[in-house]
Structure formats: structure tokens, C-alpha cells
Amino acid sequence: MKPPKSGEIRKPTKTLSGVAPVAVMLKPRKCKHGTCLYCPTLDVPQSYTPKSPAVMRALMLDYDPFKQVKARLKALKVMNHPTDKIELIIMGGTFLDYPTKYQYNFIKECYDALNDRKCKTLEQAKKINEKAKHRCVALCIETRPDVCSKEHIKRMLKFGCTRVELGVQAIDDMIYKKIKRGHTVKEVINATKRLREAGFKIGYHIMPGLPGSNRKKDIAMFKKIFSDENFKPDQLKIYPCQVIKGSALEKLHYKGKYSPYTEQEIKNLIIKFLKLTPRYCRIMRIMREIPPDYLVAGTTRIDLRKEIEEELRKKQNKIKEIRFREIGLRSRYQKQIDNRTRLKITRYKAVGEEYFLEIVNSQDVLFALCRLRINKKNKNKAIIRELHVYGQAINIGKRGKIQHKGFGKQLIEKAEEITKNKGIKKLKIISGVGVREYYRKLGYKLDEERVYMVKEF
Ligand code: SF4
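About the thresholds
- Residues numbered from 1 in each chain as written.
- Predicted model: local features only at pLDDT ≥ 70, side-chain atom pairs only at ≥ 80, totals over all residues.
- Heavy atoms only, no water.
- Helix = DSSP H or I, 4+ residues; strand = E, 2+ residues; numbered from the N terminus.
- Rg over C-alpha atoms; globule rule 2.2 N^0.38 Å.
- Buried < 20%, exposed > 50% of the residue type's maximum accessible area, 1.4 Å probe, protein only.
- Contact = heavy atoms within 4.5 Å.
- Phe/Tyr/Trp six-rings, centres within 6.5 Å; stacked < 30°, edge-to-face > 60°.
- Lys NZ or Arg CZ within 6 Å of the ring centre and 35° of its normal.
- Pairing = 2+ DSSP bridges.
- Axes fitted to C-alpha atoms, helices over the stretch in contact; angles between N-to-C directions.
- Arc of directions from axis to C-beta.
- Parallel < 35°, antiparallel > 145°, perpendicular 65-115°, else oblique.
- Nonpolar A, V, L, I, M, F, W, Y, C, P; charged D, E, K, R; others polar.

Participant: Explanation requested: the overall build of the protein chain in the structure shown.
Facilitator: When helices and strands are counted, the protein chain shows 15 helices and 16 strands. For 457 residues, the compact-globule estimate of 2.2 N^0.38 gives 23 Å, and the protein chain sits close to it at 21 Å. Referenced to the eigenvectors of the C-alpha coordinate spread, the extents of the protein chain come out at roughly 65 × 55 × 50 Å. Considering the protein chain as a whole, with its 457 residues, one finds that 59% of them fall into the buried category. Look at the contacts in the protein chain between residues 6 or more apart in sequence, and 68% of them connect residues 24 or more apart.

Structure (C-alpha cells):
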């Protein structure tokens with residue numbers, strides 16, 4: 001790869017949503033419950049293939065978290081991306097099922113790499129990261145719905161985690177049985193409730209086209225996800241089921257008992273999904289990248305989303321999904337962006353009250369958002385689950401076109417006003433360790449358990 005010219009950012013979409021993502025892979029380990037029908041077991045982290053770029057990078061570094069973070073930082077810098085605001089993403093298996101000591105050490109080493117120094121304890125490493133050059137502004141952990149107990153939640157809060165991705169795949173017990181998922185819909189509901197009440201941002205992974213499903217069922221499932229208040233995730237990753245070498249599904253496929261959706265079927269389904277997605281949800285990714293050598297049946301078109309969105313834009317479809325509307329990506333397609341903004345509030349029920357606050361313009365382009373939740377009864381009565389200013393990431397302390405212009409403050413003030421008007425005396429924020437300083441400037445303090453930022457009125 002040629003080095004970028006001065007000022008040029010290589011692969012700009014990486015940081016166009018406001019932060020620089022750093023994915024760190026766990027060492028390979030089999031899942032406790034067994035193996036899901038579609039999941040490959042190939043002597044690398046469960047569900048990955050040896051030729052996945054993330055696996056190859058991790059393998060070269062012996063799955064060492066410190067070295068992986070360092071290597072990713074270096075790669076981002078070479079591509080000219082700002083690296084002040086980092087989102088750490090832990091991937092490669094059910095992290096919370098690994099030995100607890102491994103988990104604590106893994107997270108500590110990630111912070112150590114961002115801090116460029118080794119600490120004795122996780123608490124120390126987190127404290128240093130509050131003012132470090134590379135601050136962890138968000139931390140994402142993937143887990144299964146049945147590995148998300150109160151205990152797990154407490155631990156994730158200790159790690160400084162702010163976002164949890166749940167492997168939901170379908171919300172149908174018959175399908176779960178068929179694919180040997182090892183949990184039920186009840187566990188999805190319980191995990192979602194616990195996470196939401198603790199203030200996490202929740203992402204679901206869903207998998208249309210599973211054995212036992214069909215287009216009609218998949219659409220019904222998608223509608224239910226957003227109409228039933230037990231679900232309503234903030235984010236989605238949509239990975240249509242594919243047949244991968246090394247999975248049990250491969251055998252079924254060769255026996256003629258299973259075929260994945262065709263490219264056209266996936267395309268039609270995704271268009272439908274995008275049209276059904278409410279304005280508070282961001283579809284993070286569509287299609288999983290499977291190296292062609294390992295794809296037995298399914299589509300290789302991982303760029304389908306781009307093509308679909310271009311079509312939707314041409315037809316001037318009013319898509320409300322976040323990524324479609326966010327300023328950083330939108331400004332690549334739309335020349336004239338109206339900079340006059342207003343605050344829009346959407347209220348919805350999700351076993352409690354959710355207030356989705358947005359800074360938008362007349363064209364419904366999204367500049368910033370805030371998720372405020374009022375729990376029915378819980379010690380986290382009013383809690384901010386997310387504050388995000390979109391647009392190209394810029395380094396801390398610098399002013400940008402979108403970031404660092406006061407949108408965050410405006411949204412927090414509105415959330416405080418709503419909280420006070422409800423007669424609630426305290427507002428909590430789940431905060432990446434690296435954002436604590438920002439909230440301190442707005443009058444928030446770290447609570448006694450050293451988890452949430454809190455303001456009392
Ligand atoms: S839980 Fe995830 S990683 Fe484990 S077997 Fe199932 S799909 Fe694979």
C-alpha cells in the first residue's frame with residue numbers, strides 16, 4: 001500500500017463516524033454450550049476462518065492483546081487517522097465465558113497498550129487512560145444471551161464496557177433448537193432488559209435465512225424486534241446465513257437439505273429491513289466477510305449494502321436508519337448540507353421509557369445523538385446510555401466541522417432538563433473511561449463504585 005499524501009486519510013470511512021475502532025481478538029477457545037450449526041470450527045477463534053484478516057493479524061502476534069492494540073494504532077496512524085478517541089472491540093468468542101483472570105488481564109493489557117505503559121491493576125490502567133493520548137471512549141464486548149447474568153454485567157461495568165453485542169440470530173425457539181443455539185428467546189429478553197437497565201448500548205446480531213426460516217418469517221421477526229418492547233436494540237449487525245467450511249451446516253447442504261438465500265433474495269430482504277428500521281437504530285454492518293476459500297454456499301458480495309443504499313438514494317426513499325442519515329457518511333453523497341440544526345426527541349417504550357434525542361437539520365441529516373433512559377424501578381433511574389457526535393473524528397482539544405462544537409453539551413443539557421422535569425434527582429451516564437474528563441467539565445463525578453459518571457440536582 002502506498003503511503004497517503006500529506007493530509008490524506010486512507011480508508012476514511014473507518015473514522016467517519018467519530019471514533020477510531022481497534023478490534024482485538026481472543027485466543028481460540030471452544031464455546032461451552034457446544035457448536036451452533038452454522039459456525040465453523042477451524043482451530044482459530046470460534047466462528048472465524050484462518051484466512052480472515054483479523055485472525056491472521058492476531059495469529060502473527062500470538063493473540064497478545066497488548067501487541068494487537070499497538071499494531072492497530074500504528075496501522076491507523078500510517079493511514080493518517082486521528083487516534084485520540086478509540087473504540088475497543090473485543091472479538092472472537094464468548095469473552096465472558098473465558099477464565100475470569102484471563103478476562104481481567106486481557107482488558108488491562110488493552111488499556112496498557114493505549115497508555116503505552118504497563119500497570120499492575122486494571123483500575124490503575126483505567127485511571128491513567130482518562131488522560132492518555134489514546135483514550136478509550138467506548139468498549140464493546142460480544143456475548144451470548146445466556147452469558148449475560150447480573151454478575152457478568154457487573155464485570156463488564158468494571159472493565160469500562162459501554163456497548164454489548166448479543167448474538168441473537170433469530171427470536172424463535174424452534175429455530176434455536178434446529179441450529180443448536182443452546183438458549184431460548186426468554187434469555188434474549190432477560191439479557192436485553194438487564195443490559196438496558198445498566199445503561200449499556202445494545203447491539204443484536206441477526207441471521208436471516210437460518211434453517212427453519214424463510215423470507216416471510218424473517219420479515220415478521222424483523223418487525224417484531226422493533227414492535228415488541230422486550231427487544232428494540234440500538235444497533236444491528238445483519239449477517240445472512242452462509243454455508244462455511246468446517247460447520248455442521250456444510251454437511252446438511254451437501255445432502256441437499258439446506259441452501260442459503262441467493263444474492264437477489266438477500267438484496268430484497270435488506271431493502272425491506274432498511275425501510276422498517278426505526279430512527280433510533282443503527283445498522284452497523286450487513287454481510288459477514290467470509291474468505292472465498294471457506295465459503296461453500298452463499299454470496300461473496302460483501303459490498304451489497306453500498307449498492308442497495310445507492311438505489312434507495314436514487315429513488316429518494318426516506319430511510320430513517322442512523323448510518324444512512326449520519327453526517328460523516330451523508331456528506332460523501334450530498335453536496336449541499338444545511339448546517340442549521342434543531343433538537344428532535346423521539347420517545348418510545350422498551351420496558352421503561354427511552355428518549356432518543358437527536359441534532360438534525362431540515363434534510364434529516366444526523367449530527368449528534370443521545371439516548372436517555374428512565375427505568376421503571378432501578379437504582380439507575382435516569383441514565384444516559386449513549387452520547388455520540390457524528391462526523392469525521394478529530395483529535396481531542398481541536399475544533400472540527402461537526403465534532404467539538406457543543407452538540408454533546410446541548411444534548412446533555414436537554415437530558416438533564418427531562419430528568420429534572422420528571423422529579424428525578426440524579427442522572428447517571430455510562431461512560432468510556434476516556435470520556436470521563438469531558439463529563440467532569442459538565443459537572444459530573446465518578447460514583448463510589450468507579451463505574452458511572454453522576455450528577456445530582
Ligand atoms: S455461540 Fe457464536 S462462536 Fe459459539 S458456536 Fe455459536 S456462533 Fe459459534
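Participant: What am I meant to see in the packing of aromatic side chains here?
Facilitator: Each pair of aromatic rings is reported with the distance of its centres and the angle of its planes. Taken as a whole and assessed by the stated rule, the structure comprises 12 aromatic pairs. On the basis of an interplanar angle of 10° and a centroid distance of 3.9 Å, the ring pair of Tyr280 and Tyr348 is categorised as stacked. One end of the pair, Tyr280, is in the loop between helix H10 (263-276) and strand E8 (282-286); the other, Tyr348, is in strand E10 (residues 341-349), and 68 residues separate them in sequence. Residue Tyr280 is classed as buried on the basis of its relative accessible area, which comes to 5%. Overall, Tyr348 belongs to the buried group, its relative accessible area being 10%. With 6.2 Å between their ring centres and 65° between their planes, Tyr439 and Tyr444 make a pair best called edge-to-face. Judged on exposure class, the residue Tyr439 and its partner Tyr444 are both buried. Through successive ring pairs, a cluster of aromatic residues spans Phe95, Tyr98, Tyr102, Tyr104, Phe106 and Phe159. One residue, Arg29, lies across the ring of Tyr98, its end atom 5.1 Å from the ring centre.

Participant: Which parts of the structure should I look at to understand the sheet that holds strand E4 (residues 163-169)?
Facilitator: Paired through their backbone hydrogen bonds, the strands of a sheet run either parallel or antiparallel. Strand order in the open sheet formed by seven strands is E1-E2-E3-E4-E5-E6-E8, with parallel pairing between adjacent strands. A strand with exactly one partner marks an edge of an open sheet, and here the two such strands are strand E1 (20-25) and E8. The mean inter-strand angle of the sheet, taken between neighbouring strand axes irrespective of direction, is 20°. As paired strands, E4 and strand E5 (residues 201-206) are joined by six bridges and run parallel to one another.

Participant: When you look at helix H11 (residues 304-314) in this model, what are you seeing that I'm missing?
Facilitator: At 3.6 residues per turn, the α-helix brings residues three or four places apart onto the same side. Among the residues of H11, those classed as buried are Leu304, Arg305, Ile308, Glu309 and Leu312. Looking straight down H11, one finds that the buried residues subtend no more than 120° of arc, so they occupy a single side. Exposed side of H11, more than 90 degrees from the buried face: Lys306 and Lys314 are the residues found there. In this fold, the buried residues of H11 make contact with H10, E8 and helix H12 (322-325).

Participant: Even after reading the chapter, I still don't get the packing of helix H4 (residues 122-129) against helix H5 (residues 150-159), so can you show me in this structure?
Facilitator: For any two helices packed against each other, one specifies the inter-axial angle together with the distance between the axes. Following both chains from N to C, one finds H4 and H5 inclined at 45°, their axes separated by 10 Å at the closest point. Considering their axes alone, H4 and H5 lie oblique with respect to each other. Between H4 and H5, the contacting residues are Leu122, Glu123 and Lys126 on the first element and Leu157, Lys158 and Phe159 on the second. Considered class by class, the residues forming the contact of H4 with H5 number three nonpolar, no polar and three charged.

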